Amino acid sequence: MTSRVLCRVNRLLDQAAESRPVLGLDTSTSIASLAVIAGGRVAASLERPATSHGAALPSAVDDLLGAAGLSIRDVGAIAVGTGPGSFTGLRIGLSYAKGIAMASGCALVGVPGFDAMALAALERNNIIEGRLVCVVVDARKGEVYAALYRVVADGLEKLSEELVIALEHLASRITEDVMFIGDGRAKDAAALVASRGHRVAVFDTGMLDLRGVCVAALGGARFARGETDRAASLEPLYIRTPEATFKPTSKNPAGLGTEGVWSIERKNSFGSI
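Residue positions are counted from 1 within each chain, in the order its sequence is given. Per-residue local features are limited, in this predicted model, to residues with pLDDT of at least 70; the limit for side-chain atom pairs, both in listing and counting, is 80 or more; totals at the level of whole chains, interfaces and linings are taken over all residues. Calculation of side-chain values draws on the structure's entire complement of heavy atoms; hydrogens and water are dropped beforehand.

1. Section: the environment of Ala-77
To keep things clear, this is the line we draw: Numbering of helices and strands starts at the N terminus; helices are DSSP runs of H or I of at least 4 residues and strands are runs of E of at least 2. Only protein chains enter the calculation, and the probe is 1.4 Å; a residue is then buried if its accessible area is under 20% of its type maximum, exposed if over 50%, and partly exposed in between. Residues count as neighbours in contact if any of their non-hydrogen atoms are within 4.5 Å of one another.
Take Ala-77: it is sitting in strand β5 (residues 77-81). Assessed through its relative accessible area of 0%, Ala-77 is described here as buried. Sequence-distant contacts of Ala-77, that is, excluding residues within four places in its chain, are made with Pro-21, Val-22, Leu-23, Cys-106, Ala-107 and Phe-223.

In structure tokens, the structure reads:
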């Protein structure tokens, strides 16, 4: 069972105030969300729809840093959303962040994307203390990615790890009023839970303009505590195995080579929550 508190953005910014600037980016959806925090405030932020994150991300970062009056040499750490979400988007975001960290020497910090989404929704909504919050994103194959949080006095308590689950099974396990955050599948989950007599609300990911800010703030607080990641070991949070992986015809006893080796499908349930 997971239980940890995610502080609100203003507290996270205070925690990172004495650190060097932190660049945050999330490419888990079709909209890239980026921000820079420095000196305990949000120096700049932007969102940019992209048909190809690989092509659009470098110019977006240049524009962001320009708006903040900074160069890449000023950045002390780069925080990147690790997912779950679009497999391609995650790979591009992680690869870009690792490349910047290796080239500039700045620190690298991975941030679970659902944590940033849930925190962004809390910042944009007056969600009452004690309310259950559920992030839901389409995982295809009749399933969704999901994670549970509860609003507490200082932010959000994370109740579950990210998981992949059938929508009907998810809805059947929610037995109280809840706020859903996510894409169209969040609306489907809300309809199922509402049909059981519970009050629901839905906050669409398209409205989460603070997603990059929250990635930067969460990453900045970790950076201030000295909690950074190694480029060689930071991995996307796929939850299930990507289909676009190399599949060798023979066994690989050395465990070398492919994403499929380390990205093992995890079929979880809410039984342990």
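2. Considering empty space enclosed by the protein
Stated formally: Note on definitions: the grid is 1 Å and covers protein atoms alone; a cavity is a set of points where a 1.4 Å probe fits but cannot get out; a pocket is an open set with protein on both sides within 12 Å along at least five of seven lines; lining residues have an atom within 4 Å of a point. Grid points are joined across faces, edges and corners, and a volume is the space filled by probe spheres set on the points. Polar here means any residue outside two lists: the nonpolar Ala, Val, Leu, Ile, Met, Phe, Trp, Tyr, Cys and Pro, and the charged Asp, Glu, Lys and Arg; Gly therefore counts as polar.
For the coordinates displayed, the defined rule picks out one cavity of 30 Å³ or more. Within this model, the largest cavity holds a volume of roughly 40 Å³. Lining the largest cavity, in full, are Leu-13, Ala-16, Ser-19, Arg-20, Pro-21, Val-22, Ile-37, Ala-38, Gly-39 and Gly-40. Looking at side-chain class alone, the lining of the largest cavity contains six nonpolar, three polar and one charged residues.

3. What about the side chain of Lys-98?
For clarity, the threshold we go by: When charges are counted, Lys and Arg are positive and Asp and Glu negative, with His and the chain ends excluded. Counted as salt bridges are all cases of a side-chain nitrogen of Lys or Arg within 4 Å of a carboxyl oxygen of Asp or Glu.
In this structure, Lys-98 sits in helix α3 (residues 87-104). Glu-235 is the oppositely charged side chain nearest to the buried, salt-bridge-free Lys-98, at an N-O distance of 7.6 Å. If sequence neighbours within four positions are ignored, Lys-98 has contacts with Leu-108, Ala-231 and Leu-234.

4. Focus on helix α6 (residues 184-194)
To be explicit about the condition: It is the directions from the helix axis to the C-beta atoms that the arc portrays. Under this definition, polar contacts are N or O atom pairs within 3.5 Å; protein pairs additionally need one hydrogen-donor-capable and one acceptor-capable atom, and for neighbouring residues in sequence, both atoms have to be side-chain atoms.
For α6, the full list of buried residues reads Ala-186, Ala-189, Ala-190 and Val-193. Each buried residue of α6 lies within a common arc of 105 degrees when the element is viewed along its axis, so the set occupies one face. If you follow the buried residues of α6, they end up packed against β7 (132-140), α5 (167-173), β11 (178-182) and β12 (200-204). For α6, the N-terminal cap is Asp-183; the gap from its side-chain oxygen to the backbone nitrogen of Arg-185 is 3.0 Å.

5. Points about the sheet that holds strand β3 (residues 31-38)
Put simply, the test is: What makes two strands pair is DSSP finding at least two bridges between them. Angular values range over 0 to 180 degrees, each being the angle between N-to-C directions of two axes fitted as lines to C-alpha atoms, with helices fitted over their stretch in contact.
The strand order across the open sheet built from five strands is β4-β3-β2-β5-β6, with neighbouring strands paired in mixed fashion. Because the sheet does not close on itself, it has two edges, and the strands there are β4 (41-49) and β6 (107-111). With direction set aside, neighbouring strand axes in the sheet form an average angle of 15 degrees. Inspection of the sheet shows β3 paired to β4 by eight bridges, in the antiparallel sense. Looking at β4, one finds that Ala-35 is bridged to Ser-45. Against the sheet, α3 makes contact with β2 (22-26), β5 and β6, and its axis sits at roughly 170 degrees relative to β5, the strand it touches most. Packing of helix α7 (residues 211-224) onto the sheet brings it into contact with β2, β3, β4, β5 and β6, and relative to β3 it is tilted by some 45 degrees.

6. Things to note about the pattern of salt bridges
In the structure shown here, the tally under the stated rule is 14 salt bridges. Arg-150 is paired through a salt bridge with Glu-176; the nearest N and O atoms lie 2.9 Å apart. With a gap of 26 residues between them, Arg-150 in strand β8 (residues 143-152) and Glu-176 in the loop between α5 and β11 connect regions that are remote in the sequence. Judged by its relative accessible area of 23%, Arg-150 falls in the partly exposed class. For Glu-176, a relative accessible area of 28% puts it in the partly exposed group. Here Glu-162 and Lys-158 are joined by a salt bridge, their closest N and O atoms 2.7 Å apart. Classification of Glu-162 as buried rests on a relative accessible area of 4%.

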